[in-house]
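Breakdown of the fold
For reference, the chains in residue letters:
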Amino acid sequence: MPSVTRAGLALVLILGPAGVRAQSPPPPAAAASAVGAETCATCHEDLAKQFTRSIHGAIAAFETRTEHGKCEACHGAGSLHADSGDATLIRSFKDATSSDANQTCLACHRQDHAMEWAGSMHASSGVGCTSCHTIHQSRQVAQKLTTADGLAISHATAPAFKGSLSKSQPELCFDCHKEQRMQFMQSSRHPVREGRMTCATCHDPHGTNLTSLKTSERPNDLCISCHASKAGPFVFEHAPVQESCMTCHNPHGTVANNLLKQGEPFLCLQCHEMHFHSARIAPTVPVGFGNTFSNNPNGKTGFMGAFNTKCSNCHNKVHGSDLPSQGVTGGGKALTR
């Protein structure tokens, strides 16, 4: 192998093995720097006016968990974009996937109520933060809000005072949850349409359990936060009640009274056999009480008509009782008082 002089080695390093000058790496791109929201407003005037009146526009730079504040807290430093007008030199969410856009929101909100977002049903279904929230949004009144059935909400602001929601609840939730919209149109329902409750009263849209309920225990624990009289514990308990309120009730709304999934006695008959009184033949001859005799005006089917209507006419403590029952054969568990 011929020897290589020091000068020849230097020439090979410069020109490469084939005698061609090697390409030097391109110079690193200049890093963008912050320009401030005022610079952004020179081009995006309409968005800037809305943003300054939004909750995000009121956050100071030191309050964010990102490097910059205001517009650049989400979109990144904007000097290169401002100088050139090139839309590719700024972080844009117009064509971003919901997963990518969510990461920007989670940079600040990961430690707040959205810390469980990654395992939530909404995240698993491809719902993004911007599916429900509008960031460049004024909190000033812009439109008249109504309830789900068209009734005006006098105390509401538009579009939504809290949470930067694109619509007020429940209309926002009903855009996707059509079945629940129908259920809230039933005669028996929670007062969501009246504006006394919202979907978020019971549900956490950023939660992790299957129904996003605001409880880590039984659904009953959420229900009894309002219905404390049904909490118990009772000496004589009704087993389905202890398991789940939703065994008998549909919380979104039903045709039957008291949010029952079915009217009585059909709801009770799903677990219990028909009461023996319902098949009893009433006397058709006059019945005497001392010296007084009385005819039965309802005929032989009088018992059937009385005991085939509502079980709770007699068993009115369906959620449980601490008192002994009048039913001897029930052993104190007939829940009649």
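Cut-offs applied
Residues numbered from 1 in each chain as written. Predicted model: local features only at pLDDT ≥ 70, side-chain atom pairs only at ≥ 80, totals over all residues. Heavy atoms only, no water. Patch = residues over 30% accessible without salt bridge, like charges linked within 9 Å, V, L, I, M, F, W, Y side chains within 5 Å. Areas by Shrake-Rupley, 256 points an atom, 1.4 Å probe, with all protein chains shown as cover. Salt bridge = Lys/Arg side-chain N within 4 Å of Asp/Glu carboxyl O. Helix = DSSP H or I, 4+ residues; strand = E, 2+ residues; numbered from the N terminus. Buried < 20%, exposed > 50% of the residue type's maximum accessible area, 1.4 Å probe, protein only. Polar contact = N/O pair within 3.5 Å; in protein donor to acceptor, adjacent residues only side chain to side chain. Contact = heavy atoms within 4.5 Å. Expected span 1.5 Å × (residues − 1).

Right, let's get into a nonpolar patch on the surface. Together, F266, L269 and M274 make up an exposed nonpolar region whose accessible area comes to about 300 Å². Relative to the helices and strands, F266 resides in the loop between α12 (239–243) and β2 (287–289). When its relative accessible area of 56% is taken as the criterion, F266 is described as exposed.

Mapping H252 onto the fold places it in the loop between α12 and β2. You can call H252 buried: its relative accessible area is 19%. A distance of 3.5 Å separates a polar atom in the side chain of H252 from a polar atom in the side chain of Q183. Apart from residues no more than four positions distant in its own chain, H252 is found in contact with Q180, Q183, F184, R189 and H203.

So, about helix α6 (residues 98–109). For α6, spanning twelve residues, the distance from its first C-alpha to its last is 16 Å, which sits close to the expected 16 Å at 1.5 Å a residue. For α6, every residue scored as buried is listed here: A101, N102, T104 and L106. In the core, the buried residues of α6 are packed alongside α4 (72–75) and α8 (129–132).

Our next topic: the pattern of salt bridges. As enumerated under the stated definition, the model contains five salt bridges in all. Across the pair K49 and E45 runs a salt bridge, and its minimum N-O distance is 3.5 Å. With K49 and E45 both in helix α3 (residues 45–52), this residue pair falls four residues apart, about one helical turn. For E194, the salt bridge goes to R189, with nearest N and O atoms at 2.5 Å. On the accessibility criterion, E194 (40% relative accessible area) is partly exposed.

In short, shape yes, function no, at least from these values alone.
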